[in-house]
Amino acid sequence: MAKICVVGSVNMDIVTYVNDIPVRGQTVNGKKLVETAGGKGANQAVAVAKQNKDVALIGCIGDDYHGDMLLQRLREYNVDTSKLKQLQDTASGKTSIVVEDSGENFIIYLEGANKKLDKGYVRNTIQAEKNCEVLLVQLESPYDVVLEAMKTAHEQGIKVILDPAPSNHVTDELLQYAHLVLPNEQETREITGITITDEASALTAATIFKQKGIEQGVLKVGATGSYVFDKQDMTFIDAIQVKAIDTVGAGDCFAGAFASAYVDGLSLVEAAKHANIVAALKVTKAGAQDGIPTQKEVKDFCAERNLPCYVTK
């Protein structure tokens, strides 16, 4: 199988479910609280693994109780954890998440062990991973580490897919090493200054990305759909209407599913349509990783909805 490497964060998500997200100064009753495996890097690696692709995760966890749990869950999902460092006397990364009935959420991130991932280790690991064809990165890891990972991938002839979240860490220096970018509405606005409202504004945003050196990508516009740009071509993909239960990790699910299809040689539009289906199914289930559908669940969903199925293997 083709090899995908993910450099990114591994966290324990502490999720509180409420009827409505509180405003400042307000106290609301919670419905339930759960601890579940998360982190953008780990979520994306799990999304790849659940699409039956070979994936290695490069990152750091602590030697605490949560670190042991995170390591066990990744192995259960068949993610290659041999490149995951478990650091002594270090707390694992954590996120505090509040999810309301609509599925919308807000998140507070504590870096923990993630901030101790170092450039030298990442560079050496990517150089040694001879079968890697695609590098998938996000920005919950230290900026200099992500930049080093992308530079090293370029030197090795590895395609780099950047999920630019959180977008306040994105720079033009970083973007020049990405082959593909997968921003949501807010990230596109923060990087390009363009709010996407229609195809014309999507074309303007894509033009700005091209000026920054990125000629291919998917501009996600939430419940509306997404715009795929490939050099001079622009294609709109309609969103799949579902009842959202939990949107936590939906973007990570999209990125992992996209990379899984892309590494198998599907076109950008086909890969985006596949990712669209996988992410839509994910938001109907709770849990950043538990809610990510398997390949079989994707096939069943496509058959039920009479959707084209882009599963390749």
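The rules behind each value
- Residues numbered from 1 in each chain as written.
- Predicted model: local features only at pLDDT ≥ 70, side-chain atom pairs only at ≥ 80, totals over all residues.
- Heavy atoms only, no water.
- Helix = DSSP H or I, 4+ residues; strand = E, 2+ residues; numbered from the N terminus.
- Contact = heavy atoms within 4.5 Å.
- Salt bridge = Lys/Arg side-chain N within 4 Å of Asp/Glu carboxyl O.
- Buried < 20%, exposed > 50% of the residue type's maximum accessible area, 1.4 Å probe, protein only.
- Pairing = 2+ DSSP bridges.
- Core = buried A, V, L, I, M, F, W, Y, C linked by side-chain atoms within 4.5 Å.
- Phe/Tyr/Trp six-rings, centres within 6.5 Å; stacked < 30°, edge-to-face > 60°.
- Lys NZ or Arg CZ within 6 Å of the ring centre and 35° of its normal.

With reference to specific residues and values, describe the environment of proline 166.
Along the polypeptide, proline 166 turns up in the loop between strand E9 (159–162) and helix H5 (172–175). In the structure, proline 166 is positioned 86 residues away from aspartate 80 in sequence and 25 Å away in space, judged by C-alpha atoms. When neighbours within four sequence positions are excluded, proline 166 is seen to be in contact with Leu139 and Glu140.

Residues and numbers for the pattern of salt bridges, please.
In this structure the tally under the stated criterion is 17 salt bridges. Where glutamate 129 meets lysine 83, a salt bridge forms, and the shortest distance between an N and an O atom there is 3.4 Å. With a gap of 46 residues between them, glutamate 129 in the loop between helix H3 (119–128) and strand E8 (132–137) and lysine 83 in the loop between helix H2 (65–76) and strand E5 (84–87) connect regions that are remote in the sequence. Note on accessibility: glutamate 129 and lysine 83 belong to one class, buried. Ionic pairing is found between glutamate 148 and arginine 123, a salt bridge with its closest N-O pair at 3.1 Å. One end of the pair, glutamate 148, is in helix H4 (residues 143–156); the other, arginine 123, is in helix H3, and 25 residues separate them in sequence. Judged by its relative accessible area of 29%, arginine 123 falls in the partly exposed class.

A description of the pairing of strand E2 (residues 11–18) should follow, citing residues and the corresponding values.
Buried residues dominate E2, accounting for 6 of its 8 residues. The pairing of E2 with strand E3 (residues 30–38) spans 8 bridges and is classified as antiparallel. Among the inter-strand pairings, aspartate 13 is bridged to a residue of E3, identified as threonine 36. As paired strands, E2 and strand E6 (residues 93–99) are joined by 7 bridges and run parallel to one another. Across the sheet, the residue bridging to threonine 16 is valine 98, located in E6.

Explain the nonpolar core residue by residue, including any values.
In this structure, Leu57, Val79, Ile161 and Phe258 are the most contacted members of the largest nonpolar core, which totals 54 residues. If near-sequence neighbours (up to four positions away) are discounted, leucine 57 is found in contact with Val6, Gly8, Val10, Gly41, Ala42, Ala45, Leu74, Val79, Asp80, Lys83 and Leu84. In terms of nonpolar packing, the next biggest core, distinct from the first, is built from 42 residues, Cys60, Val122, Tyr177 and Ile208 among them.

Please provide a residue-by-residue account of the packing of aromatic side chains, values included.
What the rule picks out here adds up to 3 aromatic pairs. Consider the rings of phenylalanine 209 and phenylalanine 229, whose centres lie 6.1 Å apart with planes at 15°: the pair is stacked. Highlighted residues: phenylalanine 209 in helix H7 (residues 199–211) and phenylalanine 229 in strand E12 (residues 225–230), separated in sequence by 20 residues. Of the two residues examined, phenylalanine 209 and phenylalanine 229, each falls in the buried class. Consider the rings of tyrosine 227 and phenylalanine 236, whose centres lie 4.9 Å apart with planes at 50°: the pair is tilted. The exposure class assigned to phenylalanine 236 is partly exposed, which follows from its relative accessible area of 33%. Over the ring of tyrosine 17 we find lysine 32, and its NZ or CZ is 5.0 Å from the ring centre. The ring of tyrosine 121 is capped by lysine 85, whose NZ or CZ atom sits 4.6 Å from the centre of that ring.

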